[in-house]
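Read off the chains here:
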Amino acid sequence: MNVDDYKEYISAETMMGPNSIRILAELLDKYPLQLVPDDMILDLGCGTGLTSFIIAKETGEKVFANDLWISAEENGKRFAEWGVGEQVTPICEDANNIHFEKKQFRALISIDSYHYFAGSKGFFQEKILPFLKDNGQVLIGIPGLKDEYTGRAKELLSDWIGEDAYMFKSPKQWRELIGNTNSIELVKTWEMDCFNKAWEDWLATDNKFALGDKRYFEAVIQPYTCFVGIYVNLRNCCEVC
Ligand SMILES: C[S@@+](CC[C@H](N)C(=O)[O-])C[C@H]1O[C@@H](n2cnc3c(N)ncnc32)[C@H](O)[C@@H]1O
């Protein structure tokens, strides 16, 4: 995927943190989605829907764009303006309690949001797996702690993000949180390559949160944190039964 194709859509209005398009691009390039026509994709915690729009463009499939803080009405207007109103469905629901059909989605993508709601043991199995089809794929990119600082989030990050520090977990910890069940074929977690560029794009904006992050980038964010990539591939049900 070519990030430059989408430059015109990246703005102070659509960005909510380090460049989500760079994170999405790395995930899609590293683990391309294996889709067939009429597959559906869930973008969980989609924010302003920038990633949902790009997923729709890159795959041609139907995308469900779910977020908690941004209303479905606001995102729906943006999708219509961007010409994907028919292809992308906006939804405003808490990820802890989503209402889709069981086994509805071939793929789930979640950028810079999964750490807000999915950090407890069993979340993936109970709240995500039921909605994924056999052979489904999951791509997640979230801020976290580098492996060598595992378990030290509060001590190292509190000055920067206060009580939210607990959300920062290392690739090793996320691997354990995803867990293992018969329906999971493969789980990979890693420190993503796009870290510096994604942050650079964000810090170059005049968003008030970016200005706050700028003060901590060299002393805290760059030395201790990373973007954690998570890839999960599900088994074909016939292999499990
Ligand atoms: C930092 S923003 C990132 C948004 C977008 N994915 C991006 O990369 O630009 C985090 C998003 O997580 C969403 N979020 C947080 N808690 C959530 C929950 N419980 N259910 C659904 N979305 C949630 C928020 O609504 C917010 O838009």
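**Focus: the nonpolar core**
No. 1: With 52 residues, the main nonpolar core has Ile23, Ile109, Leu139, Leu157 and Trp199 as its most contacted residues.
No. 2: Every residue in contact with Ile109, bar those within four places of it in the chain, is listed here: Leu24, Leu28, Leu33, Ile41, Leu42, Asp43, Leu44, Ile55 and Leu139.

**Regarding the pairing of strand β7 (residues 225-234)**
Walk down a regular strand and you will see the side chains alternate between the two sheet faces.
No. 1: Within β7, ten of the ten residues are buried, which leaves it mostly tucked inside the rest of the structure.
No. 2: Where strand β5 (residues 132-145) meets β7, nine bridges bridge the pair, whose relative direction is antiparallel. Across the sheet, residue Ile140 finds its bridge partner in β7, namely Ile230.
No. 3: Both strand β6 (residues 184-191) and β7 contribute to a ladder of seven bridges, which runs antiparallel.

**Brief notes about the state of the cysteines**
No. 1: Under the counting rule described, the total for this entry stands at zero disulfides.
No. 2: Here Cys46 is not disulfide-linked; the sulfur of Cys92 is the nearest cysteine sulfur, at 9.1 Å.
No. 3: Unpaired in this structure, Cys226 has its nearest cysteine sulfur neighbour in Cys194, at a distance of 10 Å.

**Considering the site of the ligand**
No. 1: Around the ligand lies a shell of 16 residues, among which Gly45, Asp67, Trp69, Ala95 and Ile111 are the nearest.
No. 2: Ala95 is positioned with one of its backbone polar atoms (N or O) 2.8 Å from a nitrogen atom of the ligand.
No. 3: Taken by itself the ligand offers 590 Å² of open surface, and the protein chains cover 95% of this.

**A short note on a nonpolar patch on the surface**
No. 1: Taken together, the side chains of Met16, Leu68, Trp69 and Tyr116 make up a nonpolar region of the molecular surface, amounting to roughly 460 Å² of accessible area.
No. 2: With respect to the helices and strands, the residue Tyr116 is situated in helix α4 (residues 114-117).

**What to know about the pattern of salt bridges**
No. 1: Tallied over the full model, the rule gives seven salt bridges.
No. 2: With its nearest N and O atoms 3.2 Å apart, the salt bridge here joins Arg78 to Glu13. Of the two residues, Arg78 is situated in helix α3 (residues 72-81) and Glu13 in the segment before α1 (20-30); the sequence distance between them amounts to 65 residues.
No. 3: Across the salt bridge formed by Lys103 and Asp134, the nearest N and O atoms sit 3.0 Å from each other. Within this pair, whereas Lys103 is found in the loop between β3 (88-92) and β4 (105-111), its partner Asp134 is found in strand β5, the two being separated by 31 residues in sequence.
No. 4: Overlapping salt bridges bring together Glu13, Glu74 and Arg78 as one network.

Each value, and the rule that gives it
Residues numbered from 1 in each chain as written. Predicted model: local features only at pLDDT ≥ 70, side-chain atom pairs only at ≥ 80, totals over all residues. Heavy atoms only, no water. Core = buried A, V, L, I, M, F, W, Y, C linked by side-chain atoms within 4.5 Å. Buried < 20%, exposed > 50% of the residue type's maximum accessible area, 1.4 Å probe, protein only. Contact = heavy atoms within 4.5 Å. Helix = DSSP H or I, 4+ residues; strand = E, 2+ residues; numbered from the N terminus. Pairing = 2+ DSSP bridges. Disulfide = S-S within 2.5 Å. Near = heavy atom within 4 Å. Polar contact = N/O pair within 3.5 Å; in protein donor to acceptor, adjacent residues only side chain to side chain. Areas by Shrake-Rupley, 256 points an atom, 1.4 Å probe, with all protein chains shown as cover. Patch = residues over 30% accessible without salt bridge, like charges linked within 9 Å, V, L, I, M, F, W, Y side chains within 5 Å. Salt bridge = Lys/Arg side-chain N within 4 Å of Asp/Glu carboxyl O.

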